[in-house]
Number of protein chains: 2
Amino acid sequence: MASQRKRKAVWGIDIGGTYTKVGLVTETGEILASKEFSTGAKEPFAHFISNLEKEINGLLSDIEELPEIVAIGVGAPNANSLTGHIEYPPNLKWGDKIPLAVSIKEVFGLPVAIANDANAAALGHMRFGPAKGMRNFVALTLGTGLGSGIIVNGELLLGAHAMAAELGHVNVDPNGRHCNCGLQGCLETYASVTGIKRTVFELLADMTEDSPLRGISFDDMTGIMIADAALEGDPVALEAFARTGFTLGNKMADIAAHLDPEAIILSGGLSKAGDILLEPTVASMEINLFNAYRNKVKVLVYNAPSTHSVLGPAALALS
Amino acid sequence: MASQRKRKAVWGIDIGGTYTKVGLVTETGEILASKEFSTGAKEPFAHFISNLEKEINGLLSDIEELPEIVAIGVGAPNANSLTGHIEYPPNLKWGDKIPLAVSIKEVFGLPVAIANDANAAALGHMRFGPAKGMRNFVALTLGTGLGSGIIVNGELLLGAHAMAAELGHVNVDPNGRHCNCGLQGCLETYASVTGIKRTVFELLADMTEDSPLRGISFDDMTGIMIADAALEGDPVALEAFARTGFTLGNKMADIAAHLDPEAIILSGGLSKAGDILLEPTVASMEINLFNAYRNKVKVLVYNAPSTHSVLGPAALALS
């Protein structure tokens, strides 16, 4: 029918330190087209913008029946949704305050919303993912670091300076591990892919058991290797997951004492270990929960294909 | 003028384990009349309701020019604003689930809102107190325990089960002090009047210095005595405040990493110590703050006369 209303869609852009993903996403979460390209973190910011334009135009030319494209959502590390800037990103050499929102708007002439990548992921969970229908939950992204997004009453919690939800930097131990942020004992130095790797190396020093992990250098070791070793019963890897779960679960009990969430959703590289991580984490959380919350906080592991990382920024554009 | 509109007012009722305060409060926070009476925590709940009715009628008969009374707000320990019940209160022997809201409504025929006492206090801070104009802040009440209320976007944070903000029970140390709630190492076992008393007794055991506090039993010691000793330079009391501030400030940095608040407001018995508490607390918080929050979170001490405790429940009724 000629009079049929065009479907609405938005661009979702997920900027990472190494790769950027861009996708055209409908209101219902269908990814009509998507592409991954090198972020070029060490090239000038203008290169990124011109690459983004090229990739988006390439995708557009591939789509047969174009929807009505109404907005752009961008998730990026250290992106501030109030100012529209990426501020002091440790892994992007584009400057201290990068005018991301306005630069993208200039090129595409569409409304642009930006947010911290983990905040955008939380919005994606709520609109398209495991938190559909939830109005109060917390998303933890356990990757190289630990990112987080908090949803309160169905909205992203921003706080007084749009910097809420830096749960990677709650304190596990005032005399604990050194963190890239300059503090000591931050949660992400324990509960992240990098964190569990540090725990494995501590255990390789402490324990005497044989382990396939003894043959791998710090630089070469990945989260997958640790998870695989645990699945094969390696005592070092299993102890590393037990300790990681203990620390993460303890802090998840604190999160509950702040926010009384319906659920805490774990995603990112470390969460791919599934039950090996989930079981000690939930056990530790329940032991440490204040009685009002006991057996009330769902803990969900959400592993989606990496292309789905555009859904968070798309949800941001749609919200 | 005969046509002058009557002022509007609400009843604010603050139920404590020992005393209950009731006050008639105008929209602008003027307390037209107030009264304190014994809660009767060990008598039947029906006695409390009939005493409340008697006290309110007594206050009404004293007021010359009655305002238009539009609602009743009640703050009570373990009060759940969604169910209208006081649930499993440790210090009130009225039952496990006390139908507070409906019981008060039956007697007075006015709309009744109830909330956890510390949550109501946060609303009072925002409408009438030191948080006027703030939309994101945290109120910590450092009394016998540690109560808390969180305001996000100008509204009380309730969470999924209306049980948010139990910050007295975030974990300081998994092997730490035993808490009345059954957990170990809860913040309120360190940062409250009871908490600092426990720290004093630990220090009396550890240290060798003379101290006026050595002559006082655990049962007899009050927060005022510890504050007075600190003001006179007693090394035990000063060290107790230093340790309390260190622990409290560390957890306030975690609160910031969750909520990015404009301010954290300290009230209650322990906060009466003023700068002796505030200085080590702020120093510890700033050292532990993630850089995005550094020098951005105001820490305010708010000491109001005890009659002002009806302002929180009144603000709840007005909200």
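Residues numbered from 1 in each chain as written. Chains lettered and ligands numbered in written order. Predicted model: local features only at pLDDT ≥ 70, side-chain atom pairs only at ≥ 80, totals over all residues.

## Quick word on the overall build of chain A
In step 1: Secondary structure summary: chain A contains 8 helices and 12 strands in total.
In step 2: Here chain A has a C-alpha radius of gyration of 20 Å; the compact-globule value for 319 residues is 20 Å, and the two agree.
In step 3: Judged by the C-alpha coordinates and their principal axes, chain A covers about 70 × 45 × 40 Å.
In step 4: A burial count over chain A gives 51% of its 319 residues as buried.
In step 5: Across chain A, the fraction of contacts at a sequence separation of at least 24, relative to all contacts at a separation of at least 6, is 64%. (Helix = DSSP H or I, 4+ residues; strand = E, 2+ residues; numbered from the N terminus. Rg over C-alpha atoms; globule rule 2.2 N^0.38 Å. Buried ≥ 20, exposed ≤ 12 C-beta atoms within 10 Å, placed from the backbone. Contact = placed C-beta atoms within 7 Å.)

## Comments concerning the sheet that holds strand S1 (residues 8-15) of chain B
Residues and elements named next belong to chain B.
In step 1: Across the sheet, which stays open at both edges, the 5 strands sit in the order S3-S2-S1-S4-S7 with mixed pairing between neighbours. Unpaired on one side and paired on the other, strand S3 (31-38) and strand S7 (112-116) mark the two borders of the sheet. The mean angle between the axes of side-by-side strands here comes to 15 degrees, regardless of whether they run parallel or antiparallel.
In step 2: As paired strands, S1 and strand S4 (residues 68-76) are joined by 7 bridges and run parallel to one another. Across the sheet, residue lysine 8 finds its bridge partner in S4, namely glutamate 68.
In step 3: Sheet strands in contact with helix H1 (residues 45-62) are S1, strand S2 (19-26) and S3, and its direction is about 150 degrees off that of S3. (Pairing = 2+ DSSP bridges. Axes fitted to C-alpha atoms, helices over the stretch in contact; angles between N-to-C directions.)

## Remarks on the interface of chain A and chain B
In step 1: With 33 residues of chain A in contact, the opposing surface of chain B contributes 33 residues.
In step 2: With 6 residues, helix H6 (residues 235-259) of chain A is the single largest residue contributor to the side of chain A that touches chain B.
In step 3: Of the residues contributing to the side of chain A that touches chain B, the split by class is 18 nonpolar, 10 polar and 5 charged. (Nonpolar A, V, L, I, M, F, W, Y, C, P; charged D, E, K, R; others polar.)

## Brief notes about the domain arrangement of chain A
All names here are of chain A.
In step 1: Taken domain by domain, chain A consists of domain 1 (8-126 + 307-318) and domain 2 (133-302).
In step 2: Facing 12 residues of domain 1, the contacting portion of domain 2 comprises 16 residues.
In step 3: The class makeup of the residues in the side of domain 1 that touches domain 2 is 7 nonpolar, 4 polar and 1 charged. (Domains from an automatic or database assignment.)

## Here's the deal with the pairing of S1 of chain B
Residues and elements named next belong to chain B.
In step 1: With respect to burial, S1 is a largely interior element, 7 of its 8 residues being buried.
In step 2: Pairing geometry for S1 and S2, over 7 bridges, is antiparallel. In the strand pairing of S2, aspartate 14 is matched with lysine 21.
In step 3: Counting the residues in the hairpin turn of S1 and S2 gives 3 residues.

## Digging into the sheet that holds strand S12 (residues 298-301) of chain A
Residues and elements named next belong to chain A.
In step 1: Taken together, the 5 strands give an open sheet; going across it, the order is S10-S9-S8-S11-S12, and neighbouring strands pair in mixed fashion. Every interior strand has two partners, whereas the edge strands, strand S10 (155-156) and S12, have only one.
In step 2: Pairing analysis gives 5 bridges linking strand S8 (residues 137-142) to strand S11 (residues 263-267), with the strands arranged parallel. Bridged to valine 138 within S11 is isoleucine 264.

## Observations regarding the relation of the copies chain A and chain B
In step 1: Superposition of chain A onto chain B requires a rotation of 180 degrees combined with a translation of 0.0 Å along the rotation axis, giving an RMSD of 0.0 Å. Between the two chains, the operation in question is that of a two-fold axis. Across chain A, the smallest distance between a C-alpha and the rotation axis is recorded for histidine 258 of chain A, namely 3.9 Å.
In step 2: Taken as a fraction of all interface residues of chain A, those also at the interface in chain B reach 100%, which identifies the copy contact as same-surface. (Least-squares fit on C-alpha atoms with pLDDT ≥ 70 in both.)

## Description of helix H6 (residues 235-259) of chain B
Residues and elements named next belong to chain B.
In step 1: Taking 1.5 Å as the rise per residue, H6 with 25 residues should run 36 Å; its terminal C-alpha atoms sit 35 Å apart, in good agreement.
In step 2: Where burial is concerned, most of H6 is hidden: 20 out of the 25 residues are buried.
In step 3: Positive backbone phi, at 45 degrees, marks aspartate 260, one or two positions downstream of H6. (Expected span 1.5 Å × (residues − 1).)

## A closer look at unusual backbone geometry
All names here are of chain A.
In step 1: One non-glycine residue, asparagine 295, adopts positive backbone phi at about 60 degrees.
In step 2: In this fold, asparagine 295 is placed in the loop between helix H7 (275-288) and S12.
In step 3: Classification of asparagine 295 as exposed rests on a count of 8 C-beta atoms within 10 Å.

## As for helix H4 (residues 193-206) of chain B
Residue and element names in this part refer to chain B.
In step 1: Helix length check: H4, at 14 residues, gives a terminal C-alpha distance of 20 Å against a target of 20 Å (1.5 Å per residue), a fit within 8%.
In step 2: The set of residues buried in H4 consists of Val193, Thr194, Gly195, Ile196, Lys197, Thr199 and Val200.
In step 3: Buried residues along H4 sit against strand S8 (137-142), helix H5 (223-231) and H6.

## Things to note about the pairing of S7 of chain B
Residue and element names in this part refer to chain B.
In step 1: With 5 of 5 residues buried, S7 lies mostly within the body of the structure.
In step 2: As paired elements, S4 and S7 share 5 bridges and run parallel to each other. Bridging across to S7, valine 74 finds its partner in isoleucine 114.

## Concerning the nonpolar core
In step 1: Counting residues in hydrophobic clusters, the biggest one holds 194 residues, and the most contacted among them are Val74 of chain A together with Val74 of chain B.
In step 2: Residues within four places of valine 74 of chain B in sequence aside, it is in contact with Ile13, Ile15, Ala79, Leu100, Ile104, Val112, Ile114 and Pro313 of chain B. (Core = buried A, V, L, I, M, F, W, Y, C linked by C-beta atoms within 7 Å.)

## With respect to the packing of helix H4 (residues 193-206) of chain A against H6 of chain A
Residues and elements named next belong to chain A.
In step 1: Taken N-terminus to C-terminus, the directions of H4 and H6 make an angle of 125 degrees; their axes are 9 Å apart at the nearest point. Relative to H6, the element H4 lies oblique. In the packing of H4 onto H6, the handedness of the crossing is right-handed. The residues of H6 that touch H4, namely those facing Gly195, Ile196, Thr199, Val200, Leu203 and Leu204, are Val236, Ala237, Glu239, Ala240, Arg243 and Thr244.
In step 2: Split into classes, the residues belonging to the contact of H4 with H6 amount to 7 nonpolar, 3 polar and 2 charged. (Parallel < 35°, antiparallel > 145°, perpendicular 65-115°, else oblique. Left-handed = near helix turned anticlockwise from the far one by under 90°.)

## Considering the environment of lysine 35 of chain B
In step 1: Relative to the assigned elements, lysine 35 of chain B resides in strand S3.
In step 2: Along the sequence, lysine 35 of chain B and leucine 156 of chain B sit 121 residues apart, while their C-alpha atoms lie 27 Å from each other.

## Structural notes on the environment of glycine 95 of chain A
Residue and element names in this part refer to chain A.
In step 1: For glycine 95, the location among the structural elements is in the loop between strand S5 (86-87) and strand S6 (97-98).
In step 2: Under the C-beta neighbour-count criterion, glycine 95 is labelled partly exposed, with 14 such atoms within 10 Å.
In step 3: Residues glycine 95 and phenylalanine 45, spaced 50 residues apart in sequence, show a C-alpha to C-alpha distance of 8.2 Å.

## Digging into the packing of H5 of chain B against H6 of chain B
Residues and elements named next belong to chain B.
In step 1: Following both chains from N to C, one finds H5 and H6 inclined at 110 degrees, their axes separated by 7 Å at the closest point. If you check the angle between H5 and H6, you find them roughly perpendicular. Once H5 is placed against H6, the crossing between them reads as left-handed. For the pair H5 and H6, the contacting residues are Ile226, Ala229 and Ala230 in the first and Ala237, Leu238, Ala240 and Phe241 in the second.

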